[in-house]
Amino acid sequence: MNLQRNPEIVWRIEKRREADVLAAMERGEDVSEHGTVILIANGMMHQLNFVGGRIWALCDGSRSDEELFALLSGEFQVEAAELAADLTEFINDLTNREWLRRG
Amino acid sequence: MSREDDGMTIAQLDTPLRATWELHDSAGEISLQAELVAEKLVYAGLFYVTLVARPLAHPAIAGILTILRGGGIQVQATFAGTEEEWQGVAGLKSLPEIGLDANAFLSCGTANEWESLHQALESLRQYGTRPALWMVPDRERLPLLPQLCDFGRRHGVTRIKLPNTPVDASFSARQARSLPTPAQLAALRTVIIDPVALRSGLTLEVHDLFLWEILFPGERENGRSEYGGCQAANSLAHIAANGMVHPCSSWPYALGSLLERPLEEIWQQGARFVVLEKIAALPAGCAGCGDYEQCFGGCRGLVETLGSADNGRDLLCAGRRPPSPKGRH
């Protein structure tokens, strides 16, 4: 079943931050600690970094895990095994939190 | 890829996430160009807007709600029970989430006042809404808090909100004297013998840290999860009836007019960063306090607006506290 964002969670992309992160990535800097997506779950604010935010944005219920993986592997230069492991861990974390659902 | 739970730095937000918006000013004049303002709030990507100051009596309320909801904003509105507001309610197909403004009904807490509040609650329910109760805990009404909780439980209200004290440019010395004092909070603490029972069946949203401590004792080790310091001019904004953007409803400092500029632009300009610097600065009166990392100086807006006799400490703060023996801080 495809992954879908919990509709009760409000979120948005921080455009200025995202532009800064993209520029930093161009320069080869580590941007893993820089949030670009803000979301509010159960009244608390959280942020996702650029890659996490990209996955979050793609989880609109229209894609399988395999399709997500294929899209991300085209966008990011990461070893396939590393990406698969990171993606699984991220998805498990967010589904455990009920931020993402299978449906 | 990662997700961050805490310690998040959000000073670079494009725009606030939530705002309060006055639809009438203190003289009763309506917010002008309200639909334009609503469109700007939608465009700025806000998540939550709370409409205050008799919003349902605004002649353009239906259009305002359509714009805000259509833009994905979750809308709440306060309700004070005036005749014009009832007319507004009757004219709406779908009400927003309502916060029934207990301050408009209660002063001394007489039986008649509680009955009026009850009647308003039941009348609103006939429109298919389940109102929350809102009460700004001012000096006069703070002692009524236990009764308000009982009232809510008895009448099936599940949410009670105790928001910050709003301040506008016309705030007078008389109004300043309506703020509760640390001594009054201490007196309330002696009255609330069983806070768990007081909260039973209710969701309490409490702005003031020192009041929160009385209502949620023993929960400090878990932190006050929804609070990471004053959010004014950060994730929070206030829109005055004249379209002026303020850091929050307790801080009438002009950041820029929504009638003239988009919120994204106002949010990236110098006036906002002046406010952020003030919030980030350790108030002299808080130096050495063991609880600073819990309260971060508390409500900075009221201190900035009204001044503090205690070197910038929150107006409800009774004094510096010793460092935690566990070295938590």
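See the structure shown above.
Calculation criteria
- Residues numbered from 1 in each chain as written.
- Chains lettered and ligands numbered in written order.
- Predicted model: local features only at pLDDT ≥ 70, side-chain atom pairs only at ≥ 80, totals over all residues.
- Heavy atoms only, no water.
- Helix = DSSP H or I, 4+ residues; strand = E, 2+ residues; numbered from the N terminus.
- Buried < 20%, exposed > 50% of the residue type's maximum accessible area, 1.4 Å probe, protein only.
- Contact = heavy atoms within 4.5 Å.
- 1 Å grid on protein atoms, 1.4 Å probe; cavity = no way out; pocket = protein on both sides within 12 Å on 5 of 7 lines; lining within 4 Å.
- Points joined across faces, edges and corners; volume = space filled by probe spheres on them.
- Phe/Tyr/Trp six-rings, centres within 6.5 Å; stacked < 30°, edge-to-face > 60°.
- Lys NZ or Arg CZ within 6 Å of the ring centre and 35° of its normal.
- Core = buried A, V, L, I, M, F, W, Y, C linked by side-chain atoms within 4.5 Å.
- Salt bridge = Lys/Arg side-chain N within 4 Å of Asp/Glu carboxyl O.
- Polar contact = N/O pair within 3.5 Å; in protein donor to acceptor, adjacent residues only side chain to side chain.
- Nonpolar A, V, L, I, M, F, W, Y, C, P; charged D, E, K, R; others polar.
- Axes fitted to C-alpha atoms, helices over the stretch in contact; angles between N-to-C directions.
- Parallel < 35°, antiparallel > 145°, perpendicular 65-115°, else oblique.
- Left-handed = near helix turned anticlockwise from the far one by under 90°.
- Pairing = 2+ DSSP bridges.
- Right-handed = clockwise from strand over helix to strand, strands pointing away.

Visitor: Sorry, what's going on with the overall build of chain B here?
Guide: Scanning chain B from N- to C-terminus turns up 13 helices and 11 strands. Within chain B, buried positions represent 52% of all 329 residues. Expressed as a percentage of contacts within chain B between residues at least 6 apart in sequence, the contacts between residues at least 24 apart total 69%.

Visitor: Sorry if this is basic, but what is going on with empty space enclosed by the protein here?
Guide: A water-sized probe, rolled over the atoms, reveals where empty space remains. Residues and elements named next belong to chain B. With the rule as written, the count across this model stands at 2 cavities of 30 Å³ or more. Within this model, the largest cavity holds a volume of roughly 180 Å³. As for the largest cavity, its lining consists of 16 residues, of which Thr165, Pro180, Asp208, Leu302 and Leu316 are closest to the centre. The volume enclosed by the second largest cavity comes to roughly 90 Å³. Lining the second largest cavity are 14 residues, and of these Phe210, Cys289, Asp291, Cys295 and Cys317 lie nearest its centre. Looking at the lining of the second largest cavity, the element that brings in the most residues is helix H9 (residues 209–215), giving 3 residues.

Visitor: Which parts of the structure should I look at to understand the packing of aromatic side chains?
Guide: Each aromatic ring pair is characterised by the separation of its centres together with the angle its planes make. Enumeration according to the criterion identifies 7 aromatic pairs over all chains in this entry. With a centroid separation of 6.2 Å and an interplanar angle of 90 degrees, the aromatic rings of A:Trp11 and A:Trp56 are classed as edge-to-face. A residue pair is termed long-range when its members are at least 10 positions apart, and A:Trp11 in strand S2 (residues 10–13) and A:Trp56 in helix H2 (residues 50–58) qualify at 45 residues. Under the relative-accessibility criterion, A:Trp56 is labelled buried at 0%. Between B:Trp212 and B:Phe216, the ring centres sit 5.6 Å apart and the planes meet at 15 degrees, which makes this aromatic pair stacked. For B:Phe216, a relative accessible area of 12% corresponds to the buried category. The ring of B:Phe47 has A:Arg12 sitting right over it, with the charged end atom 5.7 Å from the ring centre. The cationic tip of B:Arg272 hangs over the ring face of B:Phe273; the distance from NZ or CZ to the ring centre is 4.9 Å.

Visitor: How should the nonpolar core be read in this particular structure?
Guide: General note: in soluble globular proteins, nonpolar side chains tend to be found buried as a group. Counting residues in hydrophobic clusters, the biggest one holds 77 residues, and the most contacted among them are B:Trp21, B:Leu41, B:Leu51, B:Leu68, B:Leu117 and B:Leu215. Here this core gets 6 residues from one element, more than from any other, and that element is H9(B). Sequence-distant contacts of B:Leu215, defined by excluding residues within four places in its chain, comprise B:Leu145, B:Leu162, B:Ile192, B:Pro195, B:Leu198, B:Arg199, B:Leu204 and B:Val206. A:Leu39, A:Ala41, A:Leu48 and A:Leu83 belong to the second-largest nonpolar core, a separate cluster that totals 24 residues.

Visitor: Honestly, the environment of B:Pro146 in this entry has me stumped. Any pointers?
Guide: Residues and elements named next belong to chain B. As for its position among the elements, Pro146 is in helix H5 (residues 145–154). Owing to a relative accessible area of 16%, Pro146 belongs among the buried residues under this scheme. Sequence separation between Pro146 and Pro195 is 49 residues; the distance between their C-alpha atoms is 9.3 Å. Leaving out residues up to four positions away in the same chain, Pro146 has contacts with Leu188, Val191, Ile192 and Leu198.

Visitor: Quick question: what am I supposed to make of the interface of chain B and chain A here?
Guide: When the parts come together, some accessible area is lost, and that loss is often what is quoted as the size of the interface. Listed as interface residues are 23 residues of chain B and, on the opposing side, 29 residues of chain A. For the pair chain B and chain A, the number of links is 0 salt bridges. Counting across the chain B and chain A interface gives 7 residue pairs in polar contact (both at pLDDT 80 or more). Residue composition of the side of chain B that touches chain A, grouped by class: 10 nonpolar, 8 polar and 5 charged.

Visitor: Explanation requested: the packing of helix H3 (residues 65–75) of chain A against helix H4 (residues 80–96) of chain A in the structure shown.
Guide: Packed helices, taken two at a time, are described by their axes: the angle between them and the distance between them. Residue and element names in this part refer to chain A. For the pair H3 and H4, interaxial distance at closest approach is 11 Å and the crossing angle is 130 degrees. Taken as axis vectors, H3 and H4 run oblique relative to one another. Seen along the crossing, H3 lies across H4 with a hand that is right-handed. Residue-level contacts link Asp65, Leu68, Phe69, Leu72 and Ser73 of H3 to Ala80, Leu83, Ala84, Leu87 and Ile91 of H4.

Visitor: Please clarify how the pairing of strand S4 (residues 74–79) of chain B should be interpreted in this entry.
Guide: Within a regular strand, side chains alternate between the sheet's two faces. Residue and element names in this part refer to chain B. Taking burial as the measure, the 6 residues of S4 include 5 buried ones, the bulk of the element. Pairing geometry for strand S3 (residues 48–52) and S4, over 4 bridges, is parallel. Residue pairing for S4: Val49 is matched across the bridge by Val75. A crossover connection joins S3 to the parallel S4 through helix H2 (residues 61–70); in handedness this β-α-β unit is right-handed. Here S4 pairs with strand S5 (residues 97–101) via 4 bridges, running parallel. If you follow Gln76 over to S5, its bridge partner there is Glu97. You can see the chain leave S4, run along helix H3 (residues 83–90) and come back into S5, and the turn it takes is right-handed.

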